[in-house]
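One-letter residues, chain by chain:
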Amino acid sequence: MIFSRFWRRRERKRSGAPGLSISTLEQVLAAGDAQAWWRLATQLAAFVERPDTPPEERDAVMPILVRLASCPDRAVRAHLAALLRDARHISMDVILAIAACENDISSPFIERAVAISPRLQMAIFRAGNAERRKAVCRREDVCAEVVREAIMVAEREVALVCIRNAHAVFSPKLARRAYLRFREDEEVIEALLQRHDLPLEVRLAHVEVMAGRLRAVMREAGWAEAQRALEAAASMEEQALVDILADADDEDGLVSAFEFLSRRGKLTAAVLLRAAVAGHVAVLVHALAWLSKMKISRLKQVLRSGASLALARTALMRSGLPEGAHALALSVLLAARRRGENAAEPGQRMRGFGPLVLEAIATTEHLSVAEKMQAAGMLQKLGDERTRELAARFVQSLLRHAA
């Protein structure tokens, strides 16, 4: 063993001999070669992590580890950094010495070393170059202070790494600041939109911004069919809003989205019914409860088999949604009775729901012929391709029978 004399002195100390001496270790550093330093690094890394190592002896060898971290041989420096990633009993001086090594040695250590506390994360982030800051931002336990500074003032590539770290915690306020700062950077915004903790209002605001840009481009292009193009843009915006509402997996998230859309005049019957026809019945039910100021538990009763539609009609009248949308909304509620009140749970989706809505329109006695025509007509516009085709045939059938 490289420092066998060190061990003998250590044993004498335990027997009551004078205090620990590290002169042997210093001699290895001064007179040894790269091979000796490599073995010394291996043995000391194990020594400081042994549970029976006294704290004072552990402290005594920290200066040796600091010197090994900056020794002339690059392979030894890299070896020590790899050994100490999982070490829990190394000093701040050792950590900073390794953090000061070349980027390819320091970055993996900074990213994964368990001994790096939030305080040291912040110190390395502020003192290091971009590579070291990115390494801090990739940590699974990256602290809130680093996340905030990365988003608020750090270089764009550092902020992007932080945004892509799913373990980094973003407050709603910080997420909004990130969007505002990088709103013109498509790559950063795309990464931000992939985050599970991004507030719904930020997603909705982005849809609004992108739809506005699309309309502006269409107007400036001077297309001959500008009106049709603008209608297509409106449909794209509605579908994007539907996707965001469908992702809300709790009532608070839905209400937050309703409030945001309502303030901007975007909480339309088309958006709500497009979501509902796609199987996201909870979006419609919760929106009706919110708009009509009814308790959701009360409105869910409409989804019970055989229940009257009177309560649903009252909610629709109070909601302020246009009367032309009422028939399809009622049809959705009728079709959703297959799953009962569970259909109104946020995050639930009834797949292949469009044809079931059409079946409810065709077979129910709760709707008049005029309401059935109205509901099928809207379904023809808001359903998926297969549903639109079936709805068109149904409308033609009703027209033939009326004639």
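Residues numbered from 1 in each chain as written. Predicted model: local features only at pLDDT ≥ 70, side-chain atom pairs only at ≥ 80, totals over all residues. Heavy atoms only, no water.

**Observations concerning the overall build of the chain**
Thought 1: Within the chain, the regular secondary structure consists of 24 helices and 0 strands.
Thought 2: With the model as given, the accessible surface of the chain reaches about 20000 Å², and the carbon-plus-sulfur share is 51%. (Helix = DSSP H or I, 4+ residues; strand = E, 2+ residues; numbered from the N terminus. Areas by Shrake-Rupley, 256 points an atom, 1.4 Å probe, with all protein chains shown as cover.)

**Thoughts on the confidence of the model for the chain**
Thought 1: Averaged over every residue, the pLDDT of the chain is 87; the share at 70 or more is 89%.
Thought 2: Scored below 50 in pLDDT, residues 1-8 shows 23 contacts in the model against residues more than four places distant or in partner chains.
Thought 3: Ignoring residues within four places in sequence, the model shows residues 11-19, a span with pLDDT below 50, making 8 contacts including any to other chains. (pLDDT = per-residue confidence, 0-100. Contact = heavy atoms within 4.5 Å.)

**Details of a negative patch on the surface**
Thought 1: A cluster of acidic residues, Asp 243, Asp 247, Asp 249, Asp 250, Glu 251 and Asp 252, forms a negative patch at the surface.
Thought 2: For the negative patch, the secondary-structure elements that each account for two or more residues are α15 (226-247) and α16 (251-263).
Thought 3: With respect to the secondary-structure elements, Asp 252 resides in helix α16.
Thought 4: By relative accessible area, Asp 252 is classed as exposed at 64%. (Patch = residues over 30% accessible without salt bridge, like charges linked within 9 Å, V, L, I, M, F, W, Y side chains within 5 Å. Salt bridge = Lys/Arg side-chain N within 4 Å of Asp/Glu carboxyl O. Lys, Arg positive; Asp, Glu negative; His and termini not counted. Charge placed at Lys NZ, Arg CZ, Asp CG, Glu CD. Buried < 20%, exposed > 50% of the residue type's maximum accessible area, 1.4 Å probe, protein only.)

**Brief notes about the pattern of salt bridges**
Side chains that carry opposite charge are capable of pairing whenever their charged atoms lie near each other.
Thought 1: In total, this model carries 19 salt bridges according to the counting rule given.
Thought 2: A salt bridge links Asp 197 to Arg 195; the shortest N-O distance between them is 2.9 Å.
Thought 3: Linked by salt bridges that have partners in common, Arg 156, Arg 164, Asp 185 and Glu 187 make up one network.

**With respect to the nonpolar core**
Thought 1: In terms of nonpolar packing, the biggest core is built from 71 residues, with Leu 44, Leu 68, Leu 84, Ile 90, Phe 109, Phe 125 and Phe 170 touching the most fellow members.
Thought 2: Here this core gets 8 residues from one element, more than from any other, and that element is helix α3 (residues 34-49).
Thought 3: Here Ile 90 is in contact with Val 48, Met 62, Leu 84, Ile 95, Phe 109 and Ala 115, once residues within four sequence places are set aside.
Thought 4: Listed in part, the 70 residues of the second largest apolar core include Leu 204, Leu 288, Leu 330 and Ala 336. (Core = buried A, V, L, I, M, F, W, Y, C linked by side-chain atoms within 4.5 Å.)

**With respect to the packing of aromatic side chains**
Thought 1: Counted under the stated rule, the structure contains 1 aromatic pair.
Thought 2: Seen in terms of ring centroids, Phe 258 and Trp 290 are 5.9 Å apart; in terms of plane orientation they differ by 40°. Their pairing is tilted. In this pair, Phe 258 sits in helix α16 while Trp 290 sits in helix α18 (residues 281-292), placing the two residues 32 residues apart along the sequence. (Phe/Tyr/Trp six-rings, centres within 6.5 Å; stacked < 30°, edge-to-face > 60°.)

**What about unusual backbone geometry?**
Across the chain, the bulk of peptide bonds are trans and the bulk of non-glycine residues have phi less than zero.
Thought 1: The backbone of Lys 293 shows a phi angle near 60°, a positive value even though the residue is not glycine.
Thought 2: Summarising the element assignment, Lys 293 is placed in the loop between α18 and α19 (296-299).

**A short note on the environment of Ala 87**
Thought 1: With respect to the element layout, Ala 87 can be found in the loop between α5 (74-83) and α6 (92-99).
Thought 2: A residue is classified by how much of its surface remains accessible, and Ala 87, at 2% relative accessible area, is buried.
Thought 3: Sequence spacing of Ala 87 and Ala 45 is 42 residues, and the spatial spacing of their C-alpha atoms is 7.8 Å.
Thought 4: Apart from residues lying up to four places away in sequence, Ala 87 is in contact with Glu 49, Val 114 and Ala 115.

**Here we look at the packing of helix α22 (residues 353-363) against helix α23 (residues 369-382)**
Axis angle and axis distance: for two packed helices, these are the angle between their axes and the distance between the axes, and together they describe the pair.
Thought 1: At a minimum axis separation of 10 Å, α22 and α23 run at an interaxial angle of 165°. In this view, α22 runs roughly antiparallel relative to α23, as classed from their interaxial angle. At the point where α22 passes α23, the crossing takes the left-handed sense. On the side of α22, the interface is formed by Gly 354, Val 357, Leu 358, Ile 361 and Ala 362, while α23 contributes Lys 372, Ala 375, Ala 376 and Leu 379.
Thought 2: Each residue belonging to the contact of α22 with α23 can be placed in one class, and the counts come to 7 nonpolar, 1 polar and 1 charged. (Axes fitted to C-alpha atoms, helices over the stretch in contact; angles between N-to-C directions. Parallel < 35°, antiparallel > 145°, perpendicular 65-115°, else oblique. Left-handed = near helix turned anticlockwise from the far one by under 90°. Nonpolar A, V, L, I, M, F, W, Y, C, P; charged D, E, K, R; others polar.)

**Description of the packing of helix α7 (residues 103-112) against helix α9 (residues 130-137)**
Thought 1: Two elements in contact, α7 and α9, have axes separated by 7 Å at closest approach and are oriented at 25°. Judged by the inter-axis angle, α7 sits roughly parallel to α9. In this structure, α7 crosses over α9, and the sense of that crossing is right-handed. Counted together, Asn 103, Ser 106, Ser 107, Ile 110 and Glu 111 of α7 and Glu 131, Arg 132, Ala 135 and Val 136 of α9 form the full contact between these two elements.
Thought 2: Of the residues that constitute the contact of α7 with α9, the class distribution is 3 nonpolar, 3 polar and 3 charged.

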